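In case you want the letters, here they are:
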2 protein chains.
Amino acid sequence: MARAGLTVERVTIAGAALADEVGLDRVTMSQVARRLGVKDASLYTHVRSLEDLRGRIALLAADEKTIRIAEATAGRSGKDALVAFANAWREYAHQHPGRYMATQTPLQIDPELAAQAPGPRRAVELTYGMLRGYGLAEPDLTDAVRLLRSTFHGFVALEAAGGFAHERSPQHSWVRALDALHALLENWPPLQEGDS
Amino acid sequence: MARAGLTVERVTIAGAALADEVGLDRVTMSQVARRLGVKDASLYTHVRSLEDLRGRIALLAADEKTIRIAEATAGRSGKDALVAFANAWREYAHQHPGRYMATQTPLQIDPELAAQAPGPRRAVELTYGMLRGYGLAEPDLTDAVRLLRSTFHGFVALEAAGGFAHERSPQHSWVRALDALHALLENWPPLQEGDS
DNA sequence: CTCGCATCCTAGAGGCTCTAGGTATAAGCT
DNA sequence: AGCTTATACCTAGAGCCTCTAGGATGCGAG
């Protein structure tokens with residue numbers, strides 16, 4: 001029989017596509033194998049386990065998201081950069097819900113594999129670069145980065161979980177949240193007493 | 001044989017406990033049944049499916065979290081209330097990681113069941129009550145509520161996923177994030193041009 | 001005491017993950 | 001071209017999972 005020409009990458013991409021279509025927790029070895037026209041046992045040549053596959057999907061998503069953000073923020077600064085960064089993040093989550101959800105799992109991934117992924121380091125650089133214009137210094141810079149990441153992630157996660165079901169459109173709240181974060185970054189509060 | 005005296009509530013609580021101990025995606029009908037000293041088929045008298053059980057765990061968690069927040073914020077206002085609210089949220093997520101993760105799933109729950117749960121409405125009231133002191137009016141109030149929820153949820157979700165692995169302690173960033181949100185609420189930006 | 005019913009059981013179909021071991025194809029060597 | 005070797009893919013199967021169907025039994029109501 002003709003070989004299917006599988007690789008780790010093709011298996012991961014098939015899994016990621018399936019995750020976006022039917023939801024991450026419906027991604028099974030059997031389904032991925034079926035989609036690739038192969039028996040499920042064959043996948044274990046390329047991927048250690050289902051958990052390994054999910055980890056690889058998460059890494060793929062992180063890389064893709066970082067690339068989108070890099071493209072969106074290139075040549076921008078200040079509020080322009082903030083808005084482009086945030087919108088690229090949110091749009092990636094909307095377009096690839098299954099992939100995005102994979103990034104939320106406490107990934108039990110092979111540390112060696114994670115280390116060779118370009119995503120994380122690049123993402124950190126991008127975020128710090130975006131904040132350059134606001135004139136923050138460490139440790140405020142780290143705190144601001146974490147606040148932004150929390151808000152972006154939290155917003156799209158709640159959106160995906162149906163947390164904003166009612167009344168006002170999420171889009172309006174999103175735009176206003178970006179206004180608010182921009183204002184906050186321009187006027188970052190000094191250390192309070194009791195902050196330890 | 002003696003009856004086990006199961007109820008929907010006991011099954012849900014057993015599932016929730018299991019989720020906290022071994023992780024939400026290791027919660028299976030079989031494991032829950034084993035823990036209750038019962039055959040797995042017996043659970044289907046009380047719970048429609050595994051997905052149904054997960055939805056009930058999510059609802060339980062939402063209610064419990066709301067109660068904790070209510071207790072923590074009672075009699076407080078201003079920044080005190082904000083900090084108490086946020087800390088209660090985060091502590092609940094830390095103490096009950098499995099339950100908390102259940103609340104993140106796009107819950108396909110029986111709408112009738114969801115409607116009778118006191119959590120959501122109560123949670124909304126609490127959040128608006130906490131913001132009363134900041135003098136915001138609609139629609140800014142809704143936007144502010146969503147921003148706060150996004151940030152709180154995003155922070156603990158990233159924390160749980162190992163997103164803050166390095167350098168500075170998450171606790172410091174958390175305290176500073178609350179400082180920042182307080183400052184932001186006291187100085188909520190007016191509508192910008194281009195906000196549509 | 002007995003009737004009715006909800007609760008718990010056994011049995012089993014079908015899907016899933018993953019391992020062990022076999023077959024055959026593509027690539028490399030002469 | 002023929003031969004060899006590595007490996008991509010296969011079959012078979014163990015074991016766990018969800019969920020349904022139908023039977024038995026303990027408990028409350030009369």
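All figures in this text were calculated on a predicted structure; none of them were measured in a lab. (Residues numbered from 1 in each chain as written. Chains lettered and ligands numbered in written order. Predicted model: local features only at pLDDT ≥ 70, side-chain atom pairs only at ≥ 80, totals over all residues. Heavy atoms only, no water.)

Would you mind going over helix α1 (residues 8-22) of chain A with me for this structure?
Within an α-helix, residues lying three or four positions from one another point in the same direction, as the helix has 3.6 residues per turn. Relative to the 21 Å expected for 15 residues at 1.5 Å per residue, α1 of chain A spans 21 Å between its end C-alpha atoms, a close match to the ideal helical length. The secondary structure elements touched by the buried residues of α1 of chain A are α2 (29-36), α3 (40-43), α4 (50-73), α5 (78-95) and α6 (97-102) of chain A. (Helix = DSSP H or I, 4+ residues; strand = E, 2+ residues; numbered from the N terminus. Expected span 1.5 Å × (residues − 1). Contact = heavy atoms within 4.5 Å.)

Can you walk me through the packing of aromatic side chains in this structure?
Applying the stated criterion across every chain, the model contains 12 aromatic pairs over all chains. A centroid spacing of 6.0 Å and a plane angle of 40° characterise the contact between F85 of chain B and F152 of chain B, whose relative ring orientation is tilted. Of this pair, F85 of chain B sits in helix α5 (residues 78-95) while F152 of chain B sits in helix α9 (residues 140-160); the two residues are 67 residues apart in sequence, bridging distant segments of the chain. Here the two residues F85 of chain B and F152 of chain B agree in accessibility, since each one is buried. When the centroid spacing of 6.0 Å and the interplanar angle of 55° are considered together, the rings of F152 of chain B and W174 of chain B count as tilted. Here the residue F152 of chain B occupies a position in helix α9, and W174 of chain B occupies one in helix α10 (residues 170-186), the gap between them amounting to 22 residues. Members of the aromatic cluster, each reached through a chain of ring pairs, are F85, W89, F152, F155, F164 and W174 of chain A. Its end group placed over the ring of W89 of chain A, K65 of chain A keeps NZ or CZ at 3.3 Å from the ring centre. (Phe/Tyr/Trp six-rings, centres within 6.5 Å; stacked < 30°, edge-to-face > 60°. Buried < 20%, exposed > 50% of the residue type's maximum accessible area, 1.4 Å probe, protein only. Lys NZ or Arg CZ within 6 Å of the ring centre and 35° of its normal.)

Help me understand the relation of the copies chain B and chain A, please; the structure alone is not making it clear to me.
Mapping chain B onto chain A calls for a rotation angle of 180° and an axial translation of 0.0 Å; the resulting RMSD is 0.0 Å. Taken together, the rotation and translation relating the two chain copies correspond to the operation of a two-fold axis. Residue by residue, 98% of the interface of chain B is reproduced at the interface of chain A, so both copies engage with the same surface. (Least-squares fit on C-alpha atoms with pLDDT ≥ 70 in both.)

What is the right way to look at the protein's contact with DNA strand C in this model?
Residues in contact with DNA strand C amount to 23 residues; listed here are only the nearest, R3, M29 and L50 of chain A together with R3 and S42 of chain B. The sugar-phosphate portion of DNA strand C accounts for 70% of its atoms within 4 Å of the protein, the bases making up the rest. In the environment of DNA strand C, a phosphate oxygen lies 2.7 Å from a nitrogen or oxygen atom belonging to the backbone of M29 of chain A. Within the side chain of Y44 of chain A, an N or O atom sits 3.0 Å from a phosphate oxygen of DNA strand C. (Near = heavy atom within 4 Å. Polar contact = N/O pair within 3.5 Å; in protein donor to acceptor, adjacent residues only side chain to side chain.)

Mind showing me how you'd approach unusual backbone geometry here?
Peptide bonds are mostly trans, and most non-glycine residues show a negative phi. Cis peptide bonds are those with omega within 30 degrees of zero, and the linkage from E138 of chain A to P139 of chain A qualifies with 0°. Tracing the chain through its elements places P139 of chain A in the loop between α8 (119-130) and α9 (140-160).

What should I look at first to understand the interface of chain B and chain A in this one?
Bring the parts together and some accessible area is lost; that lost area is often taken as the interface size. Contacts between chain B and chain A engage 47 residues on the former and 47 residues on the latter. Buried surface at the junction of chain B and chain A, summed over both partners, amounts to about 3,900 Å²; 54% is from carbon and sulfur atoms. Linking chain B with chain A are four salt bridges. Of the charged contacts in the structure, one is a salt bridge between D140 of chain B and R176 of chain A, with a shortest N-O distance of 3.2 Å. Mapped onto the side of chain B that touches chain A, the elements with two or more residues apiece are α9 and α10 of chain B. For the side of chain B that touches chain A, the leading source of residues is α9 of chain B, giving 14 residues. Here the residues of the side of chain B that touches chain A are counted per class, giving 21 nonpolar, 15 polar and 11 charged. (Buried area = accessible area lost by both parts, 1.4 Å probe. Salt bridge = Lys/Arg side-chain N within 4 Å of Asp/Glu carboxyl O. Nonpolar A, V, L, I, M, F, W, Y, C, P; charged D, E, K, R; others polar.)

Looking at this structure, how should I read the side chain of H182 of chain A?
Secondary-structure assignment places H182 of chain A in helix α10 (residues 170-186). Every residue in contact with H182 of chain A, bar those within four places of it in the chain, is listed here: K79, L82 and Y134 of chain A.

Sorry, what's going on with the packing of helix α1 (residues 8-22) of chain B against helix α4 (residues 50-73) of chain B here?
Angle between the axes and distance between the axes are the two parameters that describe a pair of packed helices. Residue and element names in this part refer to chain B. Contact geometry for α1 and α4: axes closest at 9 Å, N-to-C directions at 85°. Between α1 and α4, the crossing angle belongs to the class labelled roughly perpendicular. Judged by residue contacts, V8, V11, T12, I13, G15 and A16 of α1 engage L53, R56, I57 and L60 from α4. A breakdown of the residues in the contact of α1 with α4 according to their chemical character gives seven nonpolar, two polar and one charged. (Axes fitted to C-alpha atoms, helices over the stretch in contact; angles between N-to-C directions. Parallel < 35°, antiparallel > 145°, perpendicular 65-115°, else oblique.)

Explanation requested: the packing of α4 of chain A against α5 of chain A in the structure shown.
All names here are of chain A. Two elements in contact, α4 and α5, have axes whose closest approach is 8 Å; the angle formed by their N-to-C orientations is 145°. Our pair here, α4 against α5, has a crossing hand that is right-handed. On α5, the residues touching A61, E64, K65, R68, I69, A72 and T73 of α4 are A81, A84, F85, A88, W89, Y92 and Q95. (Left-handed = near helix turned anticlockwise from the far one by under 90°.)

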